[in-house]
Amino acid sequence: MTSHPDAVTEAAERLAQAELKLVPCAPVRDLLGTTDVDAAYAVQRRLTARRLAAGAVVTGRKIGLTSTAVQRQLGVGQPDFGVLFGDMDASGPGPVSTARLLQPKVEAEIAFVLGADLDAEDLDLAAVRASVEHATAALEIVDSRVADWDIAITDTIADNGSSGLYVLGDIGVPLKAFEPRDAVMCLYADGQLVSEGLGTDCLGDPLEALLWLARTAREYGDPLRAGQVVLAGALGPMVSVRAGVTVRAEISGLGTVHATFTDKEVS
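This write-up is about the structure you can find in this document. The residue count restarts for each chain, going from 1 along the sequence in the order it is written. Given that the model is predicted, a residue must reach a pLDDT of at least 70 before its local features are reported, and side-chain atom pairs must reach 80 or more before they are shown or counted; all residues, however, enter totals for whole chains, interfaces and linings. Only hydrogens and water are set aside; all other atoms, that is, all heavy atoms of the structure, feed into the side-chain values.

Here the focus is the layout of surface pockets. With a 1 Å grid laid over protein atoms only, a set of points is called a cavity when a 1.4 Å probe fits there but cannot get out and a pocket when it is open yet has protein on both sides within 12 Å along at least five of seven lines; lining residues have an atom within 4 Å of a point. Grid points are joined across faces, edges and corners, and a volume is the space filled by probe spheres set on the points. Of the pockets and cavities examined, the largest pocket occupies roughly 790 Å³. What lines the largest pocket is a set of 35 residues, among which Glu-19, Arg-51, Asp-87, Arg-100 and Leu-165 lie closest to the centre. Where helices and strands are cited, they refer to DSSP runs of H or I of at least four residues and of E of at least two residues respectively, numbered from the N terminus. Put simply, the parts of the chain that give the lining of the largest pocket at least two residues each are helix H1 (5-21), helix H3 (37-53) and strand S3 (96-97). Examining the composition of the lining of the largest pocket, we find that 5 residues originate from one element, H3, more than from any other.

Below you can see the structure in the form of structure tokens.
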């Protein structure tokens, strides 16, 4: 199925209104179909352009659906990506507000901070490894503007990869001292183990996920740049969160990252 240009406009407007009104909307696959990823990314680019026009600043990308556990949770069978913006960065000692989120869930991930552009034609694993300045533990607070997380691949791509917020740990480790595929992750909510996984659960190797993103972003004409943050994808199942809960992820080699959630606005 090839989506009509008007469908891209209508899908973007539906998702934008859901975010503005804080009311989840119907899936957009009735407009885009379930396989037209190019149309879905066209919706994502349109919504990104709106945010940039309103003054938002791009800080990087997130890779989604890299874990088979998350793919099973959502019934989606391939990775995707979304755009990270400065106002999504909830790192720091203070609480993380869910006031602007609709249906938040949390994932523990490895984040890569890039020290070089990834815009060459012949990108390979060695190139992406060399581009990484350091890795750090991260929490991604995913969200969906689509009611009840009823999403196909086109729904989540159009909805900026079901992105919400992210929290980065305090420790940055260069790859000469850390091998991403060897990582072991444990995620706790109020002290209870709620999710666990391995580096190999992220497309076999989080650096393979980064390579996939680098190639895909370049194909779409917007390559990864030095200084950007890349959330490499979940290492285990995502978990719903609510105000009052404290979440802590431990990732071997990278230490811990934590967040306490509140339903109040945080300045």
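It is worth spelling out the packing of aromatic side chains at this point. Side-chain rings of Phe, Tyr and Trp, where Trp is taken by its six-membered ring, are said to pair if the distance between their centres is within 6.5 Å; with planes under 30 degrees apart they count as stacked, over 60 as edge-to-face, and otherwise as tilted. Under the definition given, this model contains 4 aromatic pairs. For the ring pair Phe-81 and Tyr-220, a centre distance of 6.3 Å and an interplane angle of 65° mean the geometry is edge-to-face. Here Phe-81, found in strand S2 (residues 80-85), pairs with Tyr-220, found in the loop between helix H7 (206-219) and strand S9 (229-234); they are 139 residues apart in sequence, far enough to count as distant. Of the residues examined, Phe-81 reaches a relative accessible area of 6% and is grouped as buried. Taken together, Tyr-41, Phe-81, Trp-212 and Tyr-220 form an aromatic cluster joined through their ring pairs. Burial classes: relative accessible area under 20% of the type maximum marks a residue as buried, over 50% as exposed, and values in between as partly exposed (1.4 Å probe, protein chains only).

The next point concerns the pattern of salt bridges. Here, a salt bridge means any Lys or Arg side-chain nitrogen found within 4 Å of an Asp or Glu carboxyl oxygen. As enumerated under the stated definition, the model contains 16 salt bridges in all. Asp-143 is the partner of Arg-145 in a salt bridge, and the nearest nitrogen-oxygen pair spans 3.5 Å. The burial state of Arg-145 is the same as that of Asp-143; both residues are buried. As a salt-bridge pair, Arg-145 and Asp-159 come within 2.7 Å of each other at their nearest N and O atoms. Of this pair, Arg-145 sits in the loop between strand S5 (132-142) and helix H6 (153-158) while Asp-159 sits in the loop between H6 and strand S6 (165-168), placing them 14 residues apart in sequence. No difference in accessibility class separates Arg-145 from Asp-159, as the two residues are buried.

Another point: the pairing of S9. Most of S9 sits out of view: 6 of its 6 residues are buried. Strand pairing is assigned whenever DSSP detects at least two bridges linking the two strands. Pairing analysis gives 3 bridges linking strand S1 (residues 58-64) to S9, with the strands arranged parallel. Opposite Gly-60, over in S9, you have Val-229 as the bridge partner.

The next thing to look at is the side chain of Ser-162. Tracing the backbone through its elements, the reader meets Ser-162 in the loop between H6 and S6. Once residues within four sequence positions are removed from consideration, Ser-162 is found in contact with Lys-62, Val-142, Asp-143, Arg-145, Trp-149, Ile-151 and Thr-156. The contact rule is simple, with two residues in contact once any of their heavy atoms fall within 4.5 Å.

Moving on, we come to H3. For H3, with 17 residues, the first-to-last C-alpha span of 24 Å sits near the 24 Å given by 1.5 Å per residue. For H3, the set of buried residues is Ala-39, Ala-40, Tyr-41, Val-43, Gln-44, Leu-47 and Thr-48. Any helix carries an expected span of 1.5 Å times its number of residues minus one.

This part takes up H7. The periodicity of an α-helix, 3.6 residues per turn, causes residues three or four positions apart to be oriented the same way. Between the first and last C-alpha of H7 there are 20 Å, a value that for 14 residues agrees with the 20 Å anticipated at 1.5 Å per step. Within H7 the residues assigned to the buried category are Pro-206, Leu-207, Ala-209, Leu-210, Leu-211, Leu-213, Ala-214, Thr-216 and Ala-217. Where H7 is buried, its residues contact S1, S2, strand S4 (105-114), helix H5 (125-131), S5 and S9. Just beyond H7, the residue with positive phi is Gly-221, at close to 80°.

Before going further, it helps to examine the sheet that holds strand S12 (residues 255-262). On the basis of which strands lie adjacent, the open sheet formed by 5 strands has the order S3-S12-S11-S7-S8 and mixed pairing. A strand with exactly one partner marks an edge of an open sheet, and here the two such strands are S3 and strand S8 (192-198). Across 2 bridges, S3 lies against S12 in parallel orientation. Within S12, the position partnered with Val-96 by the bridge is Phe-261.

Taking the relative accessible area as the measure of exposure, Asp-159 reaches 4% and is therefore buried. Along the primary structure Asp-159 and Lys-62 are separated by 97 residues, whereas in three dimensions their C-alpha atoms are 12 Å apart. If sequence neighbours within four positions are ignored, Asp-159 has contacts with Leu-15, Asp-143, Ser-144, Arg-145 and Val-146. In protein, a polar contact means a hydrogen-donor-capable atom and an acceptor-capable atom, both N or O and within 3.5 Å, with residues adjacent in sequence counting only if both atoms are side-chain atoms; elsewhere, any N or O pair within 3.5 Å suffices. One polar contact links Asp-159 to Arg-145, side chain to side chain, over a distance of 2.7 Å.

Below, the discussion takes up the side chain of Thr-156. Structurally, Thr-156 is set in helix H6. Judged by relative accessible area, which is 4%, Thr-156 ranks as buried. Excluding its chain neighbours within four sequence positions, the residues that come into contact with Thr-156 are Leu-65, Asp-80, Ile-151, Gly-161 and Ser-162.

Notably, Leu-22 is not glycine yet its phi reads approximately 60°, a positive angle. Tracing the sequence through the fold places Leu-22 in the loop between H1 and helix H2 (29-32). A positive phi angle, close to 60°, is found at Leu-65, a residue other than glycine.

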